[in-house]
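Structure assessment
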Amino acid sequence: MEHLTISQVSRKYGVTPRMLRHYEKLGLIKAGRREDYAYRIYDEEAVRRLQQILILRKLRLSLKEIGVLLGDTEQDESLRLLLDKLAELDDEIAALSLIRRLLKQLAERLGECRKQQIHFDLLKDGDLVEITGALAFPNTKIKENVSMEELNRAGEILDKSLSVRILRLPPCTVASYHYIGENPEEAVGEVVTRFVQESGVYEKKPDARMFGFNHPNPGVLENGIHGYEDWVTIPEDMEVKAPMEKKQFPGGLYAVMTIPFPEFHLWEALTKWVNKSQDYEPEYSELGEENMGGCLEEHLNWVYAAHNGWKEDGLPGQIDLMLPVKMRER
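The following refers to the structure shown. (Residues numbered from 1 in each chain as written. Predicted model: local features only at pLDDT ≥ 70, side-chain atom pairs only at ≥ 80, totals over all residues. Heavy atoms only, no water.)

Here we take up the packing of aromatic side chains. One pass over the full model with this rule turns up 5 aromatic pairs. With centroids separated by 5.4 Å and ring planes inclined at 85°, the aromatic side chains of Tyr-304 and Trp-310 adopt a geometry described as edge-to-face. You can call Trp-310 partly exposed: its relative accessible area is 38%. Within the aromatic cluster, the residues linked to one another by ring pairs are Tyr-202, Tyr-304 and Trp-310. (Phe/Tyr/Trp six-rings, centres within 6.5 Å; stacked < 30°, edge-to-face > 60°. Buried < 20%, exposed > 50% of the residue type's maximum accessible area, 1.4 Å probe, protein only.)

Right, dumping it as structure tokens:
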């Protein structure tokens, strides 16, 4: 098998370059470099490990748990981990079965009420109230090994439970830094962190927020690299020195979904939610793929953590995926 570049791996397996670099940082895969080539390359072993990671992620295993499975040569800890996961799933399946049975019973009783032309009142059904009141609602998870097609479908179904909210971002002034090259997110993050610490922006604006977006998106440039841009909201009268640039953001309406870092594949779930919404539709930027169509990624609590000099794991990594929307015409 020929060595693949990071962009080739990204396209072939549907995983972002940022996700690949995160897997490397966690020690789950290793990338190499050729003397005659400046960018990351992946050999057959790295690609095989990536395939395993992607399958295990679809089985709802965390990256920490995947690290255990891939690194446990004795396999004792791996077996205990899987048995514990199975026990959790058994409890969840039992709870889901109960929910299904109760919903079926409700549907039957509602049907009877319709036939008799009487109003159905759940609170008058003492048995159902008592049962549902004691029911612990589980997080749904995949319960068995299936084909890859079925596994993908199961993932889509489970992702529908993700909560989406509608948020209006007001106009604001931002300090921006933009970089195109290898590892653009890391390069931008270092500069913006230094800006936060040296400018004291958090002390001047404790509610400062940080937004980022691909600029340009992976795949736009032929050489396989892409760019990233970060914005930090600042006081309108604050002076900004190079390499940062002061900009005005007009604000807008967004469909927003919170994800744990680095589950960026859930962009697809948010996009599907908006496309199927009866109330909202996308309002992408005219620049299109050049800047993610105007989509934003807000790194929650990031300015506070950067101000304190905390490492990236100083706070639980949560990100708001933000897709620009407008009201659908009726």
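This part covers the pattern of salt bridges. Within this structure, the stated rule accounts for 12 salt bridges. A salt bridge links Arg-21 to Glu-186; the nearest nitrogen and oxygen atoms lie 3.5 Å apart. Of this pair, Arg-21 sits in helix α2 (residues 17-25) while Glu-186 sits in helix α8 (residues 184-199); the two residues are 165 residues apart in sequence, bridging distant segments of the chain. Overall, Arg-21 belongs to the buried group, its relative accessible area being 5%. For Glu-186, a relative accessible area of 28% gives the class partly exposed. Lys-205 serves as the salt-bridge partner of Asp-207, at 3.2 Å between the closest nitrogen and oxygen. (Salt bridge = Lys/Arg side-chain N within 4 Å of Asp/Glu carboxyl O. Helix = DSSP H or I, 4+ residues; strand = E, 2+ residues; numbered from the N terminus.)

Before going further, it helps to spend a moment on the pairing of strand β4 (residues 172-181). With 7 of 10 residues buried, β4 lies mostly within the body of the structure. Pairing between β4 and strand β7 (residues 245-249): 5 bridges, direction antiparallel. Its bridge partner lying in β7, Ala-175 is registered against Lys-246. Bridging between β4 and strand β6 (residues 226-234) involves 9 bridges; their strand directions are antiparallel. Looking at the pairing, Ile-180 lines up with Gly-227 of β6. (Pairing = 2+ DSSP bridges.)

Another aspect to go through is the nonpolar core. Membership of the largest hydrophobic core comes to 28 residues, with the highest contact counts inside it found for Phe-249, Met-257, Trp-267, Leu-270, Leu-296 and Leu-321. Of all elements in the fold, only β4, β5 (210-214), β8 (252-260), α10 (267-276) and β11 (318-327) reach the threshold of two or more residues within this core. Residues in contact with Trp-267, not counting those within four places in the same chain, are Met-292, Cys-295, Leu-296, Glu-297, Leu-321, Met-322 and Leu-323. Within the second largest apolar cluster, 22 residues are counted, among which are Ile-6, Val-9, Ile-29 and Tyr-42. (Core = buried A, V, L, I, M, F, W, Y, C linked by side-chain atoms within 4.5 Å. Contact = heavy atoms within 4.5 Å.)

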